[in-house]
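For reference, the chains in residue letters:
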Amino acid sequence: MLFHSTRGQDKDKTFEQILMQGLADDGGLFMPDYWPQVDIEYLKNLESFIDVAKYIVPLYTGSSFKKEDVIELLNNTWHNFEEQDLIKITQIKQSTSILELYHGPTAAFKDFGLQLAAAFFNKTLQTQNKTAIVFGATSGDTGSAAIDACKDFEVIKSFILIPHGNMSEIQRKQMTTVQSPNVHPIIVDGTFDDCQDIVKNGFKQRSFLKKNQYLLAVNSINWVRIIGQICYYFYSAIKINKLSKPLNFSVPTGNFGNVFACYAASKMGMPLSKIIVAVNSNDILYRFFKNNDYSKKTVSETISPSMDISVASNFERLIYDFFLNSNSELCNKLYNNFPEVSIKLEDSIWKKSSELFLSHSVDDDATIQCMKSFYEQHGFIIDPHTAVAAHAVNRLEEELMNETVILSTAHPAKFPNILRNADLKLKNIPKRLDEVKNKKEVAVNIPSSDKSIFEYIIKHN
Ligand SMILES: *Cc1c(COP(=O)(O)O)cnc(C)c1O
């Protein structure tokens, strides 16, 4: 299995190459050359999440790693989860379940993708006798999951830019209280977009790298993160009905990585009814599914900060695979001029979306209302991101057949101020989040300029 770019130029790459490269050279996103098919009869009897992962992950890694080696790696990949089988599924009514993906060390679902990424980064670096810098910007949960996943690997140094902005105090403290010599949280006096621009320039210049050192991105376009997420879709479908009937999945969506993993699972053979693309008031995806209008607008800050995006980077994969039937020339045309020219598909092509997708945009008031009513009806508290997905299900209920799974992507304890606004009180705060509150923060403050940040990295590299 090799990989190629959605824009057609960068192709015939091995898993290891796309792992270490992230974005394709032509600006596109990597895709597998074909969709590997699962054996449902075998898969449906697997019990644990790790067993499912041991079946799924090697389907994508064969160009670079022996199956036995991957299986050994997977035995040690996902760690510090508070649920025995990593994930908990809670049925809230006859036709609806919650897939709790927040039992990992940073209490958001990003631990699934990033712990897998870090394990493969480390293995590759060991084999090649090289080191790496992880350089990224974060608006919420990516930074903490990346830091946590990489902190114990000596060959990886993390430099994460944290904007003064909308993330919760706990989200920030998860990054600034780690105190490991290879972790460098940097608080930047600028916005998330400023931070992303600096990271982009860093990837162009690479001036701060040593010899034999990789520069690694941890944003959600890396295919390895998608693989980690595909595993839990299969796992939940096995647990709920042994892959015997199609399910709906409601996904709180930002960069579309999580939705794309659901789509990928269905292309590999998982029975799927509908995907509900649930967004907050940053609604570019909703506008696309509703009106064929994929146009960039400025980001507004919401109470579900990990979904505050202006464009959904992984959406290019869906345009390419689902709408354009893998026509890279057309994909290139659409994306070469984006965002200056908005994306609008031919109507006959766009209409295909209703086969598989529903979408809803949920504003902050409705999110708070949903958190309250969810507690009243079901007796437990969901976080604001999960509430966006739950509210979308309520609104679209009439259009749904089959059972529905709502993805719960973060633990509510990460957002104490929002719980307060909703008059909700958590009884149990996970120990790992409670401890963070009282730890000392250590982070440098650097002005928002390429030069000062690159100098800091050189000094600490
Ligand atoms: C990152 C994140 C999302 C959005 O996921 P995408 O894959 O970017 O769509 C949703 N909820 C939480 C809690 C997140 O951290």
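Here's what I pulled together on the structure shown here.

Reading guide: rules and limits
- Per chain, residue numbering runs from 1 following the sequence as it is written.
- Given that the model is predicted, a residue must reach a pLDDT of at least 70 before its local features are reported, and side-chain atom pairs must reach 80 or more before they are shown or counted; all residues, however, enter totals for whole chains, interfaces and linings.
- As a rule here, side-chain values come from all non-hydrogen atoms in the structure, and water together with hydrogens is ignored.
- Neighbouring residues are identified by heavy atoms, a residue being near a molecule or strand if any of them is within 4 Å of it.
- Here a polar contact is taken to be a pair of N or O atoms separated by no more than 3.5 Å, where protein atoms must pair a possible hydrogen donor with a possible acceptor and residues adjacent in sequence count only if both atoms sit in side chains.
- Under the convention adopted here, Pro, Cys and the residues Ala, Val, Leu, Ile, Met, Phe, Trp and Tyr are nonpolar, Asp, Glu, Lys and Arg are charged, and Gly plus all remaining residues are polar.
- Helix numbering and strand numbering both begin at the N terminus, where a helix is a DSSP run of H or I of at least 4 residues and a strand a DSSP run of E of at least 2.
- The criterion used for residue contact is that any of the two residues' heavy atoms lie within 4.5 Å.
- Here the rule is simple: two strands pair whenever DSSP picks up at least two bridges between them.
- Angles here are taken between N-to-C directions and fall from 0 to 180 degrees, while the axes themselves are lines fitted to C-alpha atoms, restricted in helices to the stretch in contact.
- To sort residues, take the accessible area from a 1.4 Å probe on protein chains only and compare it with the maximum for the residue type: under 20% means buried, over 50% means exposed, and anything in between is partly exposed.

**Some words on the site of the ligand**
In the vicinity of the ligand there are 15 residues, among which K110, D141, G254, N255 and T409 approach most closely. Here an oxygen atom of the ligand and a backbone polar atom of G254 are 2.8 Å apart. Between F256 and the ligand, the recorded distance is 3.0 Å, taken from a backbone N or O atom to an oxygen atom. Within the shell around the ligand, the residues separate by chemical class into five nonpolar, eight polar and two charged.

**Details of the side chain of N122**
Turning to its location among the elements, N122 is positioned in helix α6 (residues 110-128). Leaving out residues up to four positions away in the same chain, N122 has contacts with F153, V155 and I156.

**Concerning the sheet that holds strand β9 (residues 247-252)**
Ordered in space as β3-β4-β12-β9-β10-β11, the six strands form an open sheet in which the pairing is mixed. Two strands lie at the open edges of the sheet, namely β3 (88-93) and β11 (357-361), each paired on one side alone. Across this sheet, the average inter-strand angle for adjacent strands is 25 degrees, counted without regard to direction. Along the sheet, helix α10 (residues 223-241) makes contact with β3, β4 (96-100), β9 and β12 (404-408), crossing β9 at roughly 140 degrees.

**Examining the pairing of β12**
Among the five residues of β12, five are classified as buried, and the element is accordingly described as predominantly covered. Where burial is concerned, the two faces of β12 agree: the one with T404, I406 and S408 and the one with V405 and L407 are both buried. Bridge analysis of β4 against β12 gives five bridges, and the strand direction is parallel. From the neighbouring strand, I98 faces β12, where its bridge partner is I406. Pairing of β9 with β12, which is carried by three bridges, proceeds in the parallel orientation. By the bridge assignment, S250 is partnered in β12 with I406.

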